[in-house]
Amino acid sequence: MAEYRNPDGTTTYVEKRSNTGKVIGLILLAIVIVVGILFATGFWSADVKGGSLPKVNVSAKGGDMPDVDMHSKEVVVGTSKQTVTVPKVETKKTTVDVPTVGVKDGN
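Criteria and cut-off values
- Residues numbered from 1 in each chain as written.
- Predicted model: local features only at pLDDT ≥ 70, side-chain atom pairs only at ≥ 80, totals over all residues.
- Heavy atoms only, no water.
- Helix = DSSP H or I, 4+ residues; strand = E, 2+ residues; numbered from the N terminus.
- Rg over C-alpha atoms; globule rule 2.2 N^0.38 Å.
- Buried < 20%, exposed > 50% of the residue type's maximum accessible area, 1.4 Å probe, protein only.
- Areas by Shrake-Rupley, 256 points an atom, 1.4 Å probe, with all protein chains shown as cover.
- Lys, Arg positive; Asp, Glu negative; His and termini not counted.
- Charge placed at Lys NZ, Arg CZ, Asp CG, Glu CD.
- pLDDT = per-residue confidence, 0-100.

> Can you help me understand the overall build of the chain in this one?
Assigned secondary structure in the chain consists of 1 helix and 2 strands. Starting at the N terminus and walking to the C terminus, you meet the elements of the chain as β-β-α. Against the 2.2 N^0.38 benchmark of 13 Å for 107 residues, the chain shows a C-alpha radius of gyration of 43 Å, more extended than a compact globule. Projected onto its principal axes, the C-alpha coordinates of the chain cover approximately 100 × 90 × 40 Å. Within the span of the chain, comprising 107 residues, buried residues form 1% of the whole. As presented, the chain carries roughly 12,100 Å² of accessible surface, and 58% of it is formed by carbon and sulfur atoms. Between the centroid of the 13 positive side chains of the chain and the centroid of its 11 negative side chains there is a distance of 2 Å.

As structure tokens, then:
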């Protein structure tokens, strides 16, 4: 709200509103007009007649693997003897003081 002082000393309050809605409406109207002109002139058309899927010939017998001619590298898998350092883990029993928690009855 904006406050304006009149020459006679009275105050007038005017609510200012945003024009965002009008701007968006005008942009959408312009887009609709341009699309309408493009359809009217034939630049764009919505002719979807005459379309068809490609014809594919597929034949297979049950249990047969398809014939594939593939040239790839050969993967060789095996083992070999190597010496590696492996850590040795040992356990040992020792006696330590461990805190205990309990409830004592006042009787």
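Now, onward.
> How should I be thinking about the confidence of the model for the chain in this particular structure?
When pLDDT is averaged along the chain, the result is 83, and 95% of the positions lie at 70 or above. Mean pLDDT in the chain bottoms out at strand 1 (residues 2–5), which sits at 74, and peaks at helix 1 (residues 20–41), which reaches 91.

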